Amino acid sequence: MPFIQRILASLVVLTGLCLPVQAAEGATVLTVEGQFDGGRRSFSLAELEALGTQTFTTSTPWHDGKVTFEGVAFARLMEVLKAQGDTAEVTALNAYSIDVPVDDLVTNKAILALKRDGQYMPVSDKGPVFIIYPFDADPALNTEVHYSRSVWQVRSIALR
Amino acid sequence: MITLVRRLAIIAVLGLGLAAVIYSHLIVSHQSTVDQAKRYDIAWTGFNGRLEVTSLRERVARFAATGDQDAANDVKLFFQIVVGRLNTWGAGEFGKFIASSPLREARFEGLVRDLTSLEPLVEKLEEPQARAQLMRDLIAISTAMDRIGGEAYSASLNEAEAVRKSLRGQLTVETWITGLLLSLGSLLVVFLLLQNRWLSRAHATAATCAANHAFLARHDALTSLPNRLAFHDAFALEIERQRPGCVAVLAIDLDGFKAINDTLGHTAGDTLLIAVGDRLSKFVSLWPEASAARFGGDEFVVILRVEDGVSEALDKAENLRRALAEPYRLPDGTVVIQATIGLAVATPATPDPMQLPDNADLALSHAKARNKGTVQLFDVTMRADLTRRRRIESDLIAAIALGEISPQYQPQVDMENGRIVGVEALARWTHPILGRIGPDEFVPIAESSGKVVELGRAILERACAEATLMPADVKVSVNLSVAQLVRDDLVDTVQEILGRTGLSPARLKLEVTESIVMSDTDRCIATLRKLKQLGVAIALDDFGTGYSALSYLRLFDWDELKVDRSFVRSIGSDPHSLSIIQAVVGLASQLGIKVTVEGVETEEQRNLLRHVGCRIGQGYLFGAAVPLNILSARLLGTALPAPAGRRAHLRLVDKSPSAS
């Protein structure tokens, strides 16, 4: 395993250096659609961060050991947009799409993570936006359902 | 059977407990199986990796076709996505899956290396050669990712199968346990039903017992007649009922039942009681609204309603008394027994009808004391009598101790010369509240309450002590009661008293009546002989009133006969009486027995008695019973008869003829 980690680390470093696909300052990283003023809004990383961020540390099925995430609470996003809607249709860069109940995201304090262990996350590290639940805070979250709702490389969210 | 079922039930309960333990254990292991089942599914991330590398190949192909900058950016994005996928595969749960097989681990390392080596080609997409190289290498990478993804899928399937298998195994065990629980439960239900049946049987038995007890609580066990409790309830009801006529209560007592019990035995006594109860309830059942009860012993009570008041009640009571007096044919023989009945009728004047049973009882006591074998109607004076009687009874012991009851002495005089030759000690009671109480009243009370022995002893002792203060030629007579005579210690008592008082035995004369001797002749005669051996004289009192006076003369060597006053009273009018006295005197003198005549009240009687040879007389003519101090004064002038004034006075206070 340490061996793999070493390889992967080099892979991440390599890709991070050579292919800064969305490194452009002010580029849109997330688009939100739905029943709110304007009906559609795009966010750059800086804009998202400006909404205020939260941090928690948790273990996940996709990481070794505990990881600290920092990002905007989904509830905060809803609050800022004054958005209505029961369901968030979340779509990833790889076209993976899933319907998540807004209530579930809000109640279970899911965040739109922008940083992992203090670093912005590139696409190769599930970035730039990663919906993550505080799994360690509530053992009931550790189910396939919430794993499937933890979408990485999030591109857009449609509130319905 | 019950024990077996109980054991089986205990086993069933233990089995249930065991099954519950196994079940809870199963649930825990179930939990872990389910936890395993909900673990992160690596098949999905494996599948997505395969999809992503395919998408990357598509993007490269599209760029090759279009040469579009957006398509180029897409290729770069998807390359990053695939890199991200491999990052995901290398860590967390998928990382563990990769590491679980060294071969897979090596393959994965190759995959990562290969993908890393593609990066320069992605940067040079515009170059056809690089692009072609990229397409070729991506095929190899796709194949490798397919392989690992496929393995992840099958590993996931295997894990799911293992979980299913474990669940199936647990299900089987659960099925067995459920079956076991059901069977044990059914077994318990069967036990429950059985126990229910036993319980209802026990309940039925208990109910029967309770009914029996209820009957016994309210009925007399011997005669099955209602008992006192049932009678009082019925009586209270009868009083409350507003019906025409009056309620009457009969208190019935058999005369001499104790003697029958003593002579024929308790079994015969019980048989007689059953027969009496039977006859009583049959007779009473002929009367409307009447019922009989047994209070215990030979005490029966009847409650009835009479329309014509007291006269009808008296008639019915008399009829019943006659019916009960008919002979009873028992297995041991025919028994004739009389009944005495006390009657109380609730007339409109009766203040408290609830007192009827008490009143009937009082009337019964009254009749028992005076006229056995009759019906006695209650009279209000009986209640006062009872109160007085109870007072006397309760004060008796203290009166003996305090000397309130003390002997007085009636002179026995030689009718030839008027000299006092002896005195008869007679018990007298001066009660501080009730005043003077005659012996005819308190002696029977003392007898019935068992205090007569103490009374007799106290009088004897006092009389002996006081006799020592009298001239030596004066003898003192003291009466013995039956209760004293049947006691084994009488002789010792007399001896002890004589010793203590210092009275010469020759000066003491003990008087017994014929009826006392009749009660237990052999024993009494034996006692009297012992007394006589002490030197004490024995007199036969009330001679001539009993049944077989002459045979008693033969049985014992009497020192003296006391001719009953009834003969003396009638000598003036009935010449036979005088002849009888003359004959007795003649007979006695033949046998060497002295004669004293009692109840001499007139000079005429004295002269007649002297004429037929009587020497010693006792009676009011010679003086009534007086205390020692007065007697002492008399003895100083012994030849003189009592002064006329005093005599009259004494007769007033001691008017009862049976006093001596």
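About the criteria used
- Residues numbered from 1 in each chain as written.
- Chains lettered and ligands numbered in written order.
- Predicted model: local features only at pLDDT ≥ 70, side-chain atom pairs only at ≥ 80, totals over all residues.
- Heavy atoms only, no water.
- Core = buried A, V, L, I, M, F, W, Y, C linked by side-chain atoms within 4.5 Å.
- Buried < 20%, exposed > 50% of the residue type's maximum accessible area, 1.4 Å probe, protein only.
- Helix = DSSP H or I, 4+ residues; strand = E, 2+ residues; numbered from the N terminus.
- Contact = heavy atoms within 4.5 Å.
- Phe/Tyr/Trp six-rings, centres within 6.5 Å; stacked < 30°, edge-to-face > 60°.
- Lys NZ or Arg CZ within 6 Å of the ring centre and 35° of its normal.
- Axes fitted to C-alpha atoms, helices over the stretch in contact; angles between N-to-C directions.
- Parallel < 35°, antiparallel > 145°, perpendicular 65-115°, else oblique.
- Left-handed = near helix turned anticlockwise from the far one by under 90°.
- Nonpolar A, V, L, I, M, F, W, Y, C, P; charged D, E, K, R; others polar.
- Pairing = 2+ DSSP bridges.
- Salt bridge = Lys/Arg side-chain N within 4 Å of Asp/Glu carboxyl O.
- Expected span 1.5 Å × (residues − 1).
- Arc of directions from axis to C-beta.
- pLDDT = per-residue confidence, 0-100.

**Q** Quick question: what am I supposed to make of the nonpolar core here?
**A** Nonpolar side chains tend to gather and get buried jointly when the protein is soluble and globular. Among the nonpolar cores identified, the biggest contains 76 residues, and B:I405, B:V476, B:L508, B:L510, B:W558, B:I581 and B:V597 are the most heavily contacted of them. At 7 residues, the largest contribution of residues to this core is made by helix α14 (residues 452-467) of chain B. Listed in part, the 45 residues of the second largest apolar core include A:L77, A:L105, A:A110 and A:I132.

**Q** How do you make sense of the side chain of A:K115 when you look at a structure like this?
**A** Here A:K115 shows up in strand β7 (residues 111-116). Among residues more than four places away in sequence, those in contact with A:K115 are A:E49, A:T68, A:F69, A:E70, A:Y120 and A:M121.

**Q** Quick question: what am I supposed to make of the environment of B:E299 here?
**A** Residues and elements named next belong to chain B. Mapped onto the fold, E299 is located in strand β3 (residues 299-306). Its relative accessible area of 27% is what places E299 among the partly exposed residues. In the structure, E299 is positioned 26 residues away from L273 in sequence and 9.6 Å away in space, judged by C-alpha atoms. Leave out the neighbours within four places in its chain, and E299 touches R228, I252, D253, R294 and D361.

**Q** Can you walk me through the packing of aromatic side chains in this structure?
**A** The description of an aromatic ring pair rests on the distance of the ring centres and on the angle between the ring planes. The full count for this structure, using the stated rule, is 17 aromatic pairs over all chains. The structure contains a cluster of three or more aromatic residues connected by ring pairs, namely A:W62, A:F69, A:F130, A:Y133, A:F135, A:Y147 and A:W152. Against the face of A:W152 rests A:K126, its NZ or CZ located 4.9 Å from the ring centre. It is B:R59 that lies over the ring of B:F78; its NZ or CZ is 4.2 Å from the centre.

**Q** Is there a simple way to explain the packing of helix α3 (residues 69-90) of chain B against helix α5 (residues 102-123) of chain B in this structure?
**A** Packed helix pairs are specified by the crossing angle of their axes together with the interaxial distance, meaning the distance between the axes. All names here are of chain B. Where α3 meets α5, the closest approach of the two axes is 11 Å, and the angle between their N-to-C directions is 160 degrees. As summarised for this structure, α3 and α5 are arranged roughly antiparallel, according to the angle between their axes. Crossing angle aside, the handedness with which α3 passes α5 is left-handed. Between α3 and α5, the contacting residues are V75, K76, F79, V82, V83, L86, W89 and G90 on the first element and F108, L111, V112, L115, L118, E119 and V122 on the second. Split into classes, the residues belonging to the contact of α3 with α5 amount to 12 nonpolar, 1 polar and 2 charged.

**Q** How do you make sense of the packing of helix α4 (residues 92-99) of chain B against α5(B) when you look at a structure like this?
**A** Residue and element names in this part refer to chain B. Closest axis-to-axis distance for the α4/α5 pair is 6 Å, and the angle between their directions is 115 degrees. Residue-level inspection shows F97, I98 and A99 of α4 in contact with α5, the latter providing R104, E105 and F108. Taken together, the residues of the contact of α4 with α5 break down into 4 nonpolar, no polar and 2 charged.

**Q** Please explain the sheet that holds strand β6 (residues 97-101) of chain A as it appears in this structure.
**A** Working definition: the strands of a sheet are paired by backbone hydrogen bonds and lie parallel or antiparallel to each other. Residue and element names in this part refer to chain A. Here we have 5 strands laid out as an open sheet, ordered β2-β1-β10-β5-β6, and mixed in their pairing. At either margin of the open sheet sits one strand with a lone partner, and together these are β2 (40-44) and β6. On average, each strand axis in the sheet is inclined to that of its neighbour by 20 degrees, with strand direction left out of account. Here strand β5 (residues 87-92) runs beside strand β10 (residues 154-159); their pairing, made up of 5 bridges, is antiparallel. Across the sheet, the residue bridging to T91 is S156, located in β10.

**Q** What is the right way to read the pairing of strand β4 (residues 66-73) of chain A from this model?
**A** When a strand is regular, its side chains alternate between the sheet's two faces. All names here are of chain A. The pairing of strand β3 (residues 54-59) with β4 spans 6 bridges and is classified as antiparallel. When the sheet's bridge partners are listed, T58 is paired in β4 with V67. Both β4 and β7 contribute to a ladder of 5 bridges, which runs antiparallel. Looking across to β7, one finds that V72 is bridged to L112.

**Q** I'm lost on the pattern of salt bridges in this one. Help?
**A** Side-chain pairing between opposite charges can occur once the charged atoms of the two side chains come close. Residues and elements named next belong to chain B. Tallied over the full model, the rule gives 45 salt bridges over all chains. The salt bridge partner of K368 is D255, with a shortest N-O separation of 3.0 Å. Here the residue K368 occupies a position in helix α11 (residues 356-370), and D255 occupies one in the loop between β1 (246-254) and α8 (257-264), the gap between them amounting to 113 residues. Residue classification places K368 among the partly exposed residues on the basis of a relative accessible area of 22%. According to the relative accessible area criterion, D255 is buried, its value standing at 14%. Of the charged contacts, one joins D414 and R615 as a salt bridge, the two residues approaching to 2.7 Å between their closest N and O atoms.

**Q** Is there a simple way to explain α11(B) in this structure?
**A** An α-helix turns once per 3.6 residues; consequently, residues spaced three or four apart project the same way. Residues and elements named next belong to chain B. Spanning 15 residues, α11 covers 21 Å between terminal C-alpha atoms, matching the ideal 21 Å at 1.5 Å per step. Among the residues of α11, those classed as buried are L356, P357, N359, A360, L362, A363, L364, H366 and A367. The secondary structure elements touched by the buried residues of α11 are α7 (228-240), β1, β6 (339-345), β7 (375-377) and α12 (380-402).

**Q** I keep staring at helix α13 (residues 439-448) of chain B and nothing clicks. Help me out?
**A** Residue and element names in this part refer to chain B. For α13, every residue scored as buried is listed here: P439, F442, I445 and A446. Down the axis of α13, the buried set is contained in an arc of 145 degrees. They therefore lie on one face. Positive phi shows up at G450, right after α13, with a value of about 75 degrees.

**Q** Any chance you could explain the sheet that holds β7(B) here in plain terms?
**A** Residues and elements named next belong to chain B. Strand order in the open sheet formed by 5 strands is β2-β3-β1-β6-β7, with mixed pairing between adjacent strands. Each end of this open sheet is capped by a strand with a single partner; those strands are β2 (291-296) and β7. Ignoring strand direction, the axes of neighbouring strands in this sheet form an average angle of 25 degrees. With 5 bridges connecting them, β2 and β3 associate as antiparallel partners. Bridge pairing in β3 places S291 opposite I303.

**Q** When you look at the pairing of strand β1 (residues 28-33) of chain A in this model, what are you seeing that I'm missing?
**A** All names here are of chain A. In this sheet, β2 lies alongside β1 in antiparallel orientation, the contact comprising 5 bridges. Counted as the bridge partner of L30 is F43 from β2. Counting the residues in the hairpin turn of β1 and β2 gives 6 residues, including G34, whose phi is positive at 155 degrees. Across 3 bridges, β1 lies against β10 in parallel orientation. In the sheet register, V32 faces β10, and the bridge partner there is I157.

**Q** I would appreciate a short explanation of unusual backbone geometry in the present structure.
**A** Negative phi is the rule for most residues except glycine; trans is the rule for most peptide bonds. Residue and element names in this part refer to chain A. The amide bond that connects G127 to the next residue, P128, takes the cis arrangement and shows omega of 0 degrees. Here P128 shows up in the loop between β8 (119-120) and β9 (130-132). Despite not being glycine, K82 shows a phi value in the positive range, around 50 degrees. Tracing the backbone shows K82 in the loop between α3 (74-81) and β5. For K82, a relative accessible area of 68% corresponds to the exposed category.

**Q** Which parts of the structure should I look at to understand the confidence of the model for chain B?
**A** Reading fine detail from the predicted coordinates is not recommended where pLDDT is low. All names here are of chain B. Predicted confidence across chain B gives a mean pLDDT of 85, with 94% of residues reaching 70 or more. Mean pLDDT across the elements of chain B bottoms out in helix α24 (residues 644-653) (37) and peaks in strand β11 (residues 475-479) (94). Every residue in residues 639-660 is under pLDDT 50, and counting partners more than four places away or in other chains gives 36 contacts. Among the scores for the predicted complex, ipTM is 0.86 and pTM is 0.45.

**Q** Is there a simple way to explain the environment of B:S365 in this structure?
**A** Position of B:S365 among the secondary structure elements: in helix α11. Taking the C-alpha atoms as reference points, B:S365 and B:M382, 17 residues apart in sequence, are found 9.2 Å from one another.

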